[in-house]
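Single-letter residue listing:
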Amino acid sequence: MPRIQLTTPDGSTFEAELSADRVTVGRNEGNDIVVPDSSVSGSHGEFSNEGGAWVFTDLGSTNGTKVNGERVDRLEVTHGAQFEFGDVAVIFIEDAAAYETPAPVATSPSGRQSSAASAPADGYGNRPLDRSSRIGFGPKKPVKDGSRSLLMFFGFVSLLAALGFIGMLMSSGL
């Protein structure tokens, strides 16, 4: 059964099995695999088995899924594939039998035959990135906090002044 090995920025490492044909990953408790790191979105993404090939799809996460520092929305993973959920390092591990058997012959979209041995050594398929399936709101914009804090302070002081004025009116009997 395939599994993933996760390493958080603080160095904690754990493994999780992909025990179904669709496995959700995220920080929220409702996911199949819960990753307790603030850089991972509540519903970060999902692994799915598509005809024997494992694919990870980012579900519009805030910090993204990255391969070699580049954000990706979807990637086909094979044994040894390395990528990141936010700041958490991930390694995809297939069963020993899955990668020690002779490589099947595959046909490319152009009709040429190739063996899995000629596939890229980095653990990813040759499928181009399809951004049309992306959902979510994309990366968050940076917040300029300086002026907002000052405005909130003056609003709070104004509220206190108004409450004090109302209190004075009520105590004077008007």
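Just above sits the structure.
Everything in this summary refers to the structure shown in the same document. (Residues numbered from 1 in each chain as written. Predicted model: local features only at pLDDT ≥ 70, side-chain atom pairs only at ≥ 80, totals over all residues. Heavy atoms only, no water.)

Now for the overall build of the protein. The number of helices and strands found in the protein is 2 helices and 13 strands. Across the 174 residues in the protein, those meeting the buried criterion constitute 29%. With an accessible surface of roughly 11300 Å², the protein has 57% of that area assigned to carbon and sulfur atoms. (Helix = DSSP H or I, 4+ residues; strand = E, 2+ residues; numbered from the N terminus. Buried < 20%, exposed > 50% of the residue type's maximum accessible area, 1.4 Å probe, protein only. Areas by Shrake-Rupley, 256 points an atom, 1.4 Å probe, with all protein chains shown as cover.)

This next bit is on the sheet that holds strand β7 (residues 65–67). The 6 strands lie next to each other as β2-β1-β11-β10-β7-β8, forming an open sheet whose pairing is antiparallel. Of all the strands in the sheet, just β2 (13–17) and β8 (70–72) have a single pairing partner and so form its edges. The mean angle between the axes of side-by-side strands here comes to 35°, regardless of whether they run parallel or antiparallel. (Pairing = 2+ DSSP bridges. Axes fitted to C-alpha atoms, helices over the stretch in contact; angles between N-to-C directions.)

Turning next to the pattern of salt bridges. Taken as a whole, this structure holds 4 salt bridges when the rule is applied. With a closest N to O distance of 2.7 Å, R22 and E46 form a salt bridge. Taken together, the residues R22 in strand β3 (residues 22–26) and E46 in strand β5 (residues 45–50) connect sequence positions 24 residues apart. Between E84 and K66 there is a salt bridge; the shortest N-O distance is 4.0 Å. Separated by 18 residues along the polypeptide, E84 in strand β10 (residues 82–85) and K66 in strand β7 bring together distant segments of the chain. (Salt bridge = Lys/Arg side-chain N within 4 Å of Asp/Glu carboxyl O.)

Another aspect to go through is the packing of aromatic side chains. With the rule as written, the count across this model stands at 9 aromatic pairs. Ring geometry for F47 and F83: centres 6.4 Å apart, planes at 55°, overall tilted. One end of the pair, F47, is in strand β5; the other, F83, is in strand β10, and 36 residues separate them in sequence. Within the aromatic cluster, the residues linked to one another by ring pairs are F47, W54, F56, F83, F85 and F92. (Phe/Tyr/Trp six-rings, centres within 6.5 Å; stacked < 30°, edge-to-face > 60°.)

Attention shifts here to the sheet that holds β3. The 5 strands lie next to each other as β4-β3-β5-β6-β9, forming an open sheet whose pairing is mixed. Of all the strands in the sheet, just β4 (33–34) and β9 (74–77) have a single pairing partner and so form its edges. Strand direction decides the pairing type here: β3 and β4, joined by 2 bridges, are parallel. When the sheet's bridge partners are listed, G26 is paired in β4 with V34.

On to the nonpolar core, then. Ranked by size, the top nonpolar core spans 22 residues in total, and within it I4, I33, F47, V77, F83, F85 and F92 carry the most contacts. For this core, the secondary structure elements donating two or more residues are β1 (3–7), β3, β6 (53–58), β9, β10 and β11 (88–93). No other element matches β11, which puts 3 residues into this core. (Core = buried A, V, L, I, M, F, W, Y, C linked by side-chain atoms within 4.5 Å.)

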